[in-house]
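A look at the structure
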Amino acid sequence: MSTTERNKWVVLVLVCLAQFMVILDSTIVNVALPSIQTDLHLSEANLQWIVNSYTLVFGGFLLLGGRAGDLIGRKRLFLAGLVVFTVASLLNGLAVNEGMLIATRALQGLGAAFVSPAALSIISTTFSEGKERARALGVWAAIAIGGAAVGLILGGLLTQLLSWPWIFFVNVPVGIVTFILSLRLIPESRDEHAERAFDVAGAVTVTGGLMSLVYAIVKSETAGWTSATTIGFFVLSAVLLASFVVIELRSKAPLVRLSIFRVRSLTTANIVMFLVASGMFAMFFFNTLYIQKVLGYGPLKAGLAFLPFTAGIMVSAGLASRFAPRVGVRPVTAIGMVLSVVGMLLLTQLPVHGTYVADVLPALVLTSLGMGAVFMPLTLIATTGLADEDQGLASGLFNTSQQIGGALGLAVLSTIAASRSSSVGGSDAEALVAGFHWAFAGGAIFIVAALVVMLAMLRARHVARIEAEAVAQPVAV
């Protein structure tokens, strides 16, 4: 392997390490919530905002972060995001009351919104289209999905052996080391031909619209879908996003060049990711509840129960990166979705007096193998065939689809599960499990919808360039 090739893979390690922290912090806090609630005296209503303040700002600023990288430099934005994320992690661990923790979690989400799209666009501009990029994105996909499962494990380990602040402190040395190495080793890139003018009105309306949408989705879990608050924020979101479209059509230097949606592969990948994430995020959430509340596992044991899921993701993402260029990205993605749906349907059969090995493990393994085979090709489809100056925008769009889809799916399926549980008689465990069944079925429906959309919208000609370049290009080893 030449020095140039070696440096590329060092860049990949660094950006994946940063992305790992970002995804990790989406789930690591979940198993620590009871401890945080006790220490900081949080109410049940405010406890959700330890998670949601991160999701709200992360989802709201992703698109802005993606385009900012194209304009001011992807490395520069990546480093700035690392600083914000690392400092916020330290402040999270030092929080002495709920207000401070919620505020610093929001700051952490802002750092994540800069890091994540910048990291993905760095990969897209560093690795050539074809086999090389497919391999890099295979690693990226494994880190992106595996980080969520590892977050549950690490959260349980640190909370049980040390204390909850350590789930945030662990990011500090990792962030510092990643920053120092990235400063030296990651090359800078940006759109040199773009106007340096910044679309302030577009940035304000799209960020405000996305944040209002995420807030409405999150708030619906407690206030209800028909409450004045929820409806009001949905209306506000619609007005702001409509205003954003008008502004972008008239702007000389738009934040989002709307013509990018004429690229069928990018548009399809974003819609499909939105639907897949809607079902996938809920799978984590309800499985964690079943394992802890029904099977009676503690935080550490519950986290370890997701180790097979992480292993399955690593294996299938690696296989997908090898086979997608040869077999085709569409067949590999479709197979992954079918496996995921089968896994979700198995979860609809979870019994009240079940066991982990007999009832949970088979579904986890199938779902993990499916998801690894879905995320890598979708990322490849969403970022291939575009000019380098659009990579930040494409990355921001793709990450936004994932986060908004996940928030929407979790809110919808949580509402369905709660409604079903309240209408079922019997013990608390029986009511809970009945609600979980409906939630898992809803998750399966989301993924089936994603499969239908992909088959209907994406034709062989739309991915021909990806597959042709992958077959033609040799890969250094």
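This one's a predicted model, so the numbers in the text were calculated from it and none came from an experiment. Throughout this document, residue positions are counted from 1 along each chain, in the order its sequence is written. In keeping with the model being predicted, local features are shown solely for residues with a pLDDT of at least 70 and side-chain atom pairs are shown and tallied solely at 80 or more, while totals for entire chains, interfaces and linings include all residues. The side-chain numbers reported here are obtained from all heavy atoms of the structure, hydrogens and water having been left aside.

Considerations on the overall build of the protein
Using the following cut-off: Numbering of helices and strands runs from the N terminus, with a helix taken as a DSSP run of H or I at least four residues long and a strand as a DSSP run of E at least two residues long. Any residue under 20% of the maximum accessible area for its type is buried, any over 50% is exposed, and the rest in between are partly exposed; the area is computed with a 1.4 Å probe on protein chains only. Contacts are residue-level and defined by heavy atoms, with any inter-residue pair within 4.5 Å sufficient. Accessible surface is estimated by sampling points in the Shrake-Rupley manner with a 1.4 Å probe; for residues, cover comes only from the protein chains shown.
A tally of regular secondary structure across the protein gives 18 helices and zero strands. Every one of the 477 residues in the protein was classed for burial, and the buried ones make up 57%. Expressed as a percentage of contacts within the protein between residues at least 6 apart in sequence, the contacts between residues at least 24 apart total 85%. With an accessible surface of roughly 18,000 Å², the protein has 68% of that area assigned to carbon and sulfur atoms.

Re the packing of aromatic side chains
The line we're drawing: Stacked, tilted and edge-to-face pairs are distinguished by plane angle, under 30 degrees for stacked and over 60 for edge-to-face with tilted covering the rest, among Phe, Tyr and Trp rings (Trp via its six-membered ring) whose centres lie within 6.5 Å. Charge-over-ring placement is defined geometrically: NZ (Lys) or CZ (Arg) within 6 Å of the ring centre, and within 35 degrees of the ring normal.
In total, this model carries six aromatic pairs according to the counting rule given. Between F286 and F440, the aromatic rings sit 6.3 Å apart at their centres with planes inclined by 75 degrees, giving edge-to-face as the arrangement. Here the residue F286 occupies a position in helix α11 (residues 264-294), and F440 occupies one in helix α17 (residues 428-457), the gap between them amounting to 154 residues. Its relative accessible area of 0% is what places F440 among the buried residues. Among the aromatic residues, those joined into a ring-pair cluster are F286, F436 and F440. One Lys or Arg, K301, reaches over the ring of Y297 and ends 4.3 Å from the middle of that ring.

Describing the nonpolar core
This is how the line gets drawn: By nonpolar core we mean a set of buried residues, namely Ala, Val, Leu, Ile, Met, Phe, Trp, Tyr and Cys, connected to one another through side-chain atoms within 4.5 Å.
Of all hydrophobic cores here, the largest spans 86 residues; its most connected members are F78 and M337. Take this core: its biggest share by element is 14 residues, from α11. Contacts of M337, omitting those with residues within four sequence positions, involve V272, V276, V374, I447, A450, L451 and M454.

Remarks on the layout of surface pockets
Defined as follows: Detection works on a 1 Å grid of protein atoms alone, calling trapped sets that fit a 1.4 Å probe cavities and calling open sets with protein on both sides within 12 Å along at least five of seven lines pockets, with lining residues defined by an atom within 4 Å of a point. Grid points are joined across faces, edges and corners, and a volume is the space filled by probe spheres set on the points. Charged means Asp, Glu, Lys or Arg here, nonpolar means Ala, Val, Leu, Ile, Met, Phe, Trp, Tyr, Cys or Pro, and polar covers whatever is left, Gly included.
Roughly 400 Å³ of internal volume is contained in the second largest pocket. Secondary structure elements with two or more residues in the lining of the second largest pocket: α9 (200-223), α10 (228-250), α11 and α16 (391-423). Taken together, the residues of the lining of the second largest pocket sort by class into 13 nonpolar, four polar and no charged.

Considerations on a nonpolar patch on the surface
Definition in use: Patch membership requires more than 30% relative accessible area and the absence of a salt bridge. Residues of like charge join within 9 Å; the nonpolar side chains Val, Leu, Ile, Met, Phe, Trp and Tyr join within 5 Å. By salt bridge we mean one thing: a side-chain nitrogen of Lys or Arg within 4 Å of a carboxyl oxygen of Asp or Glu.
On the surface, V315, L319, F323, V327, V365 and L369 cluster together into a nonpolar patch covering about 470 Å² of accessible area. Elements represented by at least two residues in the nonpolar patch include exactly α13 (307-327) and α15 (356-383). For the nonpolar patch, the leading source of residues is α13, giving four residues. Residue position: V327 is located in helix α13.

Re the confidence of the model for the protein
For clarity, the threshold we go by: Here pLDDT means the predictor's own confidence in every residue, given as a number from 0 to 100.
Confidence along the protein averages 79 in pLDDT terms, with 84% of residues attaining 70 or more. Segment residues 470-477 is flagged for pLDDT under 50; beyond a separation of four residues in sequence, or across chains, it makes 17 contacts in the model.

Quick notes on helix α8 (residues 171-185)
An α-helix turns once every 3.6 residues. As a result, residues three or four positions apart point the same way. Put simply, the test is: Helix span, as expected, comes to 1.5 Å for every residue beyond the first. Summarising the geometry, the arc corresponds to the directions from the helix axis toward the C-beta atoms.
Under the 1.5 Å per step criterion, the end-to-end length of α8 is 20 Å for 15 residues, consistent within 8% with the ideal 21 Å. Looking at α8, one finds that the buried residues are N171, V172, G175, T178 and S182. Here the buried residues of α8 occupy an arc of 130 degrees about the axis, which is enough to place them on one side.

Looking at the side chain of S227
Filter applied, for reference: Here a polar contact is taken to be a pair of N or O atoms separated by no more than 3.5 Å, where protein atoms must pair a possible hydrogen donor with a possible acceptor and residues adjacent in sequence count only if both atoms sit in side chains.
Relative to the elements of secondary structure, S227 occurs in the loop between α9 and α10. Polar contacts involving the side chain of S227 include one to the side chain of T230, which spans 2.9 Å.

Side note on the environment of K75
For K75, the position within the fold is in helix α4 (residues 74-94). Judged by its relative accessible area of 15%, K75 is buried. Spatially, the C-alpha atom of K75 lies 8.2 Å from that of L183, the residues being 108 residues apart in sequence. With residues up to four places along the chain from it excluded, the contact list for K75 reads I122, S182, L183, I186, P187 and E188. Among the polar contacts listed, one links the side chain of K75 to the backbone oxygen of L183, at a separation of 2.8 Å.

Things to note about the side chain of T348
Residue position: T348 is located in the loop between α14 (329-347) and α15. Among the polar contacts made by the side chain of T348, one reaches the main-chain carbonyl oxygen of L345 at a distance of 2.4 Å. Looking at T348, its side chain comes within polar contact range of the side chain of Q349, at 3.1 Å. Residues within four places of T348 in sequence aside, it is in contact with H437, F440 and A441.

Examining α15
In this model, α15 (28 residues) spans 38 Å end to end at C-alpha, consistent with the 40 Å of a helix rising 1.5 Å per residue. Counting buried positions over the 28 residues of α15 gives 20, a clear majority of the element. The backbone nitrogen of A358 has a side-chain oxygen 3.3 Å away, supplied by the residue at the start of α15, namely T355.

Describing the packing of α11 against α17
Our working definition: Fitted lines through C-alpha atoms give the axes, limited to the stretch in contact for helices. The angle between two N-to-C directions lies from 0 to 180 degrees. To sort the angles, those under 35 degrees are grouped as roughly parallel, those over 145 as roughly antiparallel, those from 65 to 115 as roughly perpendicular, and the leftovers as oblique. Take the far helix as your reference; a near helix turned counterclockwise from it by less than a right angle gives a left-handed crossing, and one turned clockwise gives a right-handed crossing.
Look at α11 against α17: their axes get within 9 Å of each other, and the N-to-C directions meet at 165 degrees. In terms of orientation, α11 lies roughly antiparallel with respect to α17. Here α11 runs over α17; the crossing is left-handed.

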